[in-house]
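Structural overview for review
The primary structure of each chain is shown beneath.
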Amino acid sequence: MKVLYIYDKMPGLYQNYLRTLLDEIKKKVQMKVLVYHKTNEADIVINSVGLSNKIQRVLFKLKLSKDNSTDIKAMKSFPVIHIQHSYLKNKIYPFFTRVDGPKIVITLRGGDTYLKPWLSKQWRDFYNNKSSFIAAFVVMSEHQKKYLMRWGVASSKIHVIPISFGKKSLAKPKYPSSDKIRLVSAFRMTWEKNIEGCIKFAALLKEKNIPFSYDLYGDGRDLGQLYLLVDKYELSKEVTIHGSVANPILKERLSSYDFFVQLSISEALPTSVLEAQSLGIPCIVSNSGGLPEAVINLKTAIVQEYDAIESLVEQTVLLWKDKKRYFSYSEAAIKNCNTNFSTEIEANKLLELYTSLH
């Protein structure tokens, strides 16, 4: 079986887990990669405004070719194509009028399901009127699947394949720090991630005179809100803002923390929570979107509504003080990830999907 993966750009250093997945899939199926930005890592590089594409369009207009672009010409030789960046969906519209086209798979991230359809008529029309031309949509969680169905996509076309954290973890369970609670978060700095809730969590710990430190990693359009809130609650000694770091560096640092905090308002299923658990770090997460599906409540994580700060703080402190129970959370977190979210598991589920479409 031949499968073509389509990216706008190849996954970067902040998405190392995606590169691990690519390597795993290549072991199991004949796979090529097509991208729209110049790189030496892809098998096919398309320049949409390049000379080759202009010539192809002329040939199409003169009816000397059935393909109106170089990317369509490349894609049609693959029985299955998997679009990794959903906004590239317009690229495959020519196949909608052809009976001999490939089976099209599109991976949808959280924003594609929870946010874009509210803001864009084009996205609503695509889901409601054109999803019948798509063989399969891949989503991260059951919650995301149900939310996508409200936009008109048939349940039978939506396949829940959670994202993976990487290869099977060899981490050992751990005990918490004895001197203070060491907290960490890593996410895009946007309103959906509930920056305010995370800082209020820290502020309440300080108010209760609980010793702690809190490191936050990531950047984004609302990074300024983080700085503003840290200043407002006078947390400059407790909270450290690191900005973005490459994924391998972050994973090296994670094991030194006691808890991973993710209190999102909207979330499909974050890799960062899986990575933390894979290293034996219990998580403090909101009951939003697919987040509860990434953890096991009261076994690997503390789960509450995103604004239940008082309860979250209380449960976190109790768990930190109970070293034996904390160790059990750490042990269960590693097992949860290895059992459900390894790269091999995700690759096998994708292969099953491709086989069913072939």
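Above this text is the structure in question.
Counting starts from 1 at the beginning of each chain's written sequence and moves along it residue by residue. Whole-chain, interface and lining totals are the exception, using all residues; otherwise, since this is a predicted model, local features are given only for residues with pLDDT of at least 70 and side-chain atom pairs are given and counted only at 80 or more. Only heavy atoms go into the side-chain values, all of them from the structure, while hydrogens and water stay out.

A few words now on the sheet that holds strand 1 (residues 2–6). Strand pairing follows a simple DSSP-based rule, namely that at least 2 bridges must link the two strands. Starting at the N terminus, helices and strands are each numbered in turn, a helix being any DSSP run of H or I of at least four residues and a strand any DSSP run of E of at least two. The 7 strands are arranged 3-2-1-4-5-6-7 in an open sheet whose pairing can be described as parallel. Looking at strand neighbours, the two that pair on one side only are strand 3 (44–45) and strand 7 (158–160), the edges of this open sheet. Two elements, strand 6 (residues 136–139) and strand 7, share 3 bridges in a ladder whose sense is parallel. When the bridges of strand 7 are listed, Phe 137 appears paired with Ile 158. Residues count as neighbours in contact if any of their non-hydrogen atoms are within 4.5 Å of one another. Each axis is a line fitted through C-alpha atoms, and for a helix only the stretch in contact is used; angles between axes span 0 to 180 degrees, taken between their N-to-C directions. Running over the sheet, helix 7 (residues 142–149) touches strand 6 and strand 7 and is turned about 165° from strand 7.

Over its 18 residues, helix 14 (residues 323–340) runs 26 Å from end to end, which matches the ideal 26 Å to within 8%, given 1.5 Å per residue. Of the surrounding secondary structure, the elements contacted by the buried residues of helix 14 are strand 11 (259–262), helix 11 (271–278), helix 12 (291–294), strand 13 (301–304), helix 13 (309–321) and helix 15 (343–357). Expected span of a helix: the number of residues minus one, times 1.5 Å.

Below, the discussion takes up the sheet that holds strand 8 (residues 181–186). Strand pairing in a sheet is mediated by backbone hydrogen bonds. Such pairs are either parallel or antiparallel. One open sheet accounts for 6 strands, arranged 10-9-8-11-12-13; its pairing is parallel. Strands with a single pairing partner mark the edges of an open sheet, and in this sheet they are strand 10 (239–243) and strand 13. Strand-to-strand, the axes of this sheet are offset by a mean angle of 20°, without reference to chain direction. Inspection of the sheet shows strand 8 paired to strand 9 (residues 212–217) by 6 bridges, in the parallel sense. The residue bridging Leu 183 from the neighbouring strand is Tyr 214, located in strand 9. Here helix 13 sits on the sheet and contacts strand 8, strand 11, strand 12 (283–286) and strand 13; the angle it forms with strand 13, its principal contact strand, is near 165°.

In this section: the packing of helix 1 (residues 16–26) against helix 15. Contact geometry of helix 1 with helix 15 gives a least axis separation of 9 Å together with a crossing angle of 55°. Judged by the inter-axis angle, helix 1 sits oblique to helix 15. The handedness of the crossing between helix 1 and helix 15 is right-handed. Where helix 1 abuts helix 15, its residues Thr 20, Leu 21, Glu 24 and Ile 25 lie against Thr 343, Glu 344, Glu 346, Ala 347 and Leu 350. Gly counts as polar in this scheme, as do all residues outside two lists: the nonpolar Ala, Val, Leu, Ile, Met, Phe, Trp, Tyr, Cys and Pro, and the charged Asp, Glu, Lys and Arg. Classifying every residue of the contact of helix 1 with helix 15 gives 4 nonpolar, 2 polar and 3 charged. Here the word oblique covers every angle except those under 35 degrees (roughly parallel), over 145 (roughly antiparallel) and from 65 to 115 (roughly perpendicular). Throughout, a crossing is termed right-handed when the near helix is turned clockwise from the far one, and left-handed when it is turned anticlockwise from it by less than a right angle.

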